[in-house]
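Structural overview
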Amino acid sequence: MMVDTVHHHRPTLKQQNKSFKSKHATKSSLKEIAKGRTQRPSTKSPAVSTAAQARLNRRNTQKQAQAAKRASLVASTRIFNGVDGAPRIVAVIPLCEGIPTVDAVCALATSVVEDVDGIKENSPIWKMKAGRFKTSLQFIPVRYGRHWEALDAAKAADYVLFLLSPTVEVPEAGDTLLRTLQAQGLPTVVSAIPPDPSTSSLDPKSRTAILKSLLSFIQYFVPSQGRVFDLASPSDSLSALRFLSEGRPDEVRWRSGRTWIVGENVEWEDGTLKVTGIVRGGRLSANRLVHLPEFGDHQVTKIISAPTMRSKPHKVAAMEIEPQVLSERVPSSADSMISTNVPDDMANEQTWPTEEEMAGAPTREVGMDDIEVPDAKNGTTPKRIKRIPKGMSEYQAAWIADEPDDEDDNEEEGSDHQDDAPVEEEEMVPIDEEMELESEKKSIVAFRDLDVEEEEKQLQDWRNHAQEERDAQEFPDEIDTPRDIPARTRFARYRGLRSLRTSPWDPYENLPQEYARIFEFEEFKRTERDVSRTAEIEGVEPGTRVTVCLEGVPQEASDPSRAPIVLYGLLKHEHKKTVLHFTVQRNTEYSGSVKSKDPLILCYGPQSPARQSHLQPTHSGRRQGRQQCAQV
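In this report, we go over the structure that sits alongside the text.

What counts, and where the lines are drawn
Residues numbered from 1 in each chain as written. Predicted model: local features only at pLDDT ≥ 70, side-chain atom pairs only at ≥ 80, totals over all residues. Heavy atoms only, no water. Helix = DSSP H or I, 4+ residues; strand = E, 2+ residues; numbered from the N terminus. Buried < 20%, exposed > 50% of the residue type's maximum accessible area, 1.4 Å probe, protein only. Contact = heavy atoms within 4.5 Å. Areas by Shrake-Rupley, 256 points an atom, 1.4 Å probe, with all protein chains shown as cover. Polar contact = N/O pair within 3.5 Å; in protein donor to acceptor, adjacent residues only side chain to side chain. Pairing = 2+ DSSP bridges. Axes fitted to C-alpha atoms, helices over the stretch in contact; angles between N-to-C directions. Patch = residues over 30% accessible without salt bridge, like charges linked within 9 Å, V, L, I, M, F, W, Y side chains within 5 Å. Salt bridge = Lys/Arg side-chain N within 4 Å of Asp/Glu carboxyl O. Lys, Arg positive; Asp, Glu negative; His and termini not counted. Charge placed at Lys NZ, Arg CZ, Asp CG, Glu CD. Phe/Tyr/Trp six-rings, centres within 6.5 Å; stacked < 30°, edge-to-face > 60°. Lys NZ or Arg CZ within 6 Å of the ring centre and 35° of its normal. Expected span 1.5 Å × (residues − 1).

1. Brief notes about the overall build of the chain
Across its full length, the chain holds 17 helices and 21 strands. Among the 632 residues that make up the chain, the fraction classed as buried is 28%. Taking contacts inside the chain between residues at least 6 apart in sequence as the whole, the part at least 24 apart equals 71%. Of the roughly 46,700 Å² that the chain leaves accessible, carbon and sulfur atoms contribute 51%.

Written out as structure tokens, the structure reads:
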């Protein structure tokens, strides 16, 4: 009988593979383990590596910087966005004589097939719509050689378009204008060559070399320049217009936080000047004063809304039907036109006795001479007794040199002891006086008497320019005494100090009468902080088209033939007069020396340079951490 058997493999032939075990978990396995849960690791946990946390911090910092930069870009260009956005103001300044400003602006308009309004009417402002870039531009043309007009136009402009000549070098007047604008503060700069038929015959190689040369010249004053546009080329004209229409204007330091309006329409009625324009910079309040170049500071009556300038007819808004008053002056909180304080001569310190002192004081009838003066207590008697003129204060008496009391006795006894040999007697003085005498003896320099010719020769050598510069650097606090005027007369208004570090000095003593007309703040830093905070929340927002009503302005300010009117808002207390100290620095390419009392023209802030007078400042020496300081 046969038995059926089933064939089986031997157990040793079966292969059993091990399960896969990786040293590092995969992303998919981690997701399956987490099951959608996310856990933020603690920064204090030792499991989190320092390198990984530092990498996260760097990424977060870069992200924050990128967000801040983007927010700054949006904030700086928000005023130009939209159909009713503010136009971009471009100051067109030629640096050479004979450059056609009209051809340069027309070349920009031709690149986008647009018209320029105001050229034929010879208006001070030329307007152009750039529909391709969804913005508008306003050009302020400046004639060649008008330095003050160029400075005023650059103050109110968002861009400055410098026009160069491919055949004529920039003269000294143009070089001076560039340095002046550089010192004042330049916005974004664009350099270009206007189209000129006389230069059309230049071959491309020569034109390329000329553009490189002009770029090297303009980069010396504006290092951020990347190219010089050739407006004769349609592509360069379009690129220049794109840069003006889509770029971000650089912020001028002195203009940050300050309000200004470029007048698009000016009307004068019964002593009130109405200027229509768009608020730029900071907020504009009717309680603050407004500076009008060449006409001074004026008060604002009210600020009303103005209709927007649109290229296409739209539905008339309610604001355009009836203008609204956006801000009106409040007499209780508005700034006054008083710029100086009225000094009160009777408000000085008085020494008139009180009624109690007069009642308790003994009179002459009682017998003033019979009153015995008690002896002074020990330790209260002064070491020195000075004889000072009547009416001089104790502080002024401290500057009088001490004279020995026995000077008169020595003069009287001199005749009796002429034949006797002089006897040197040791004088008993306090310790501090002996030290002062020793220091004075050490500071004495031997004097050598020279003849007249040698003295005159040395004086002429000292007056040499090189020697004068060297002495000014080695001895900045010394000054030469004049030969034709006595030193006592020349330096009558000055006072000597034994030590600039330890000698007492009262800043309020013997001040000129004009100083009483200056206002003084108890704490200037706190006042400045409060004024800045108020200016950020008070008034009309930037980008609003308004009409500002000014009172007390003469009628000639509304002359259409004048340069465009620009209003500058002043901060609180900025109208007041004060004493200013400026830090000045001589240009490196100026070889001459700038002395004290030399006439200078000072341009600062929104003040128009055309109305600045020649000043004669007094320069002081260089201080630690500061440049040359000038007191105006």
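2. Some remarks on the environment of Arg255
In this fold, Arg255 is placed in the loop between helix H7 (234-246) and strand E8 (260-262). A relative accessible area of 7% places Arg255 in the buried class. Along the backbone, Arg255 and Gly281 are 26 residues apart, and their C-alpha atoms lie at a distance of 7.5 Å. Within the structure, Arg255 has its side chain in polar contact with the backbone oxygen of Ala157 (distance 3.1 Å).

3. A closer look at the sheet that holds strand E12 (residues 296-298)
Two strands in a sheet stick together by hydrogen bonds in their backbones, pointing the same way (parallel) or opposite ways (antiparallel). Spatially, E8-E16-E11-E12 is the arrangement adopted by the four strands of the open sheet, whose pairing is antiparallel. What marks the edges here is a single partner per strand, and that holds for E8 and E12. Across this sheet, the average inter-strand angle for adjacent strands is 25°, counted without regard to direction. Examined bridge by bridge, E8 and strand E16 (residues 566-569) share three bridges and lie antiparallel to one another. What sits directly across from Val262, in E16, is Val566. Running over the sheet, helix H4 (residues 147-156) touches E8 and E16 and is turned about 60° from E16.

4. With respect to the sheet that holds strand E3 (residues 126-130)
The mixed open sheet is built from seven strands, whose spatial order is E2-E3-E4-E1-E5-E6-E7. Two strands bound the open sheet, and with one partner strand each, they are strand E2 (116-117) and strand E7 (229-230). Across five bridges, strand E5 (residues 159-163) lies against strand E6 (residues 188-193) in parallel orientation. Across the sheet, residue Phe162 finds its bridge partner in E6, namely Ser191.

5. Brief notes about a negative patch on the surface
A cluster of acidic residues, Asp449, Asp451, Glu453, Glu454, Glu455 and Asp461, forms a negative patch on the protein surface. Tracing the chain through its elements places Glu453 in helix H14 (residues 452-462). Given a relative accessible area of 66%, Glu453 falls into the exposed group.

6. As for the packing of aromatic side chains
Counting across every chain of the model gives four aromatic pairs. On the numbers, 6.4 Å between centres and 65° between planes, the contact of Tyr159 with Phe243 is edge-to-face. On the criterion of sequence distance, the pair formed by Tyr159 in strand E5 and Phe243 in helix H7 is long-range, its members being 84 residues apart. The class of Tyr159 is buried, set by a relative accessible area of 0%. Assessed through its relative accessible area of 37%, Phe243 is described here as partly exposed. Here a set of aromatic residues connected by ring pairs shows up, and it is made of Phe217, Tyr220 and Phe221. The ring of Trp260 has Arg255 lying over it, and the distance from NZ or CZ to the ring centre is 4.4 Å.

7. Side note on a nonpolar patch on the surface
On the surface, Tyr508, Leu511 and Tyr515 cluster together into a nonpolar patch covering about 310 Å² of accessible area. Structurally, Tyr508 can be placed in the loop between helix H16 (487-490) and helix H17 (524-537). Relative accessible area serves as the criterion here: at 56%, Tyr508 is assigned to the exposed category.

8. Points about helix H5 (residues 172-184)
Count 3.6 residues to each turn of an α-helix, and residues three or four apart come out pointing the same way. Between its terminal C-alpha atoms H5 stretches 18 Å, which fits the 18 Å expected from 13 residues at 1.5 Å a residue. For H5, every residue scored as buried is listed here: Gly174, Asp175, Leu177, Leu178, Arg179, Leu181 and Gln184. Summarising the contacts, the buried residues of H5 are in contact with strand E1 (88-94), H4, E5 and helix H6 (204-221). Looking one or two residues past H5, Gly185 carries a phi angle of roughly 120°, positive in sign.

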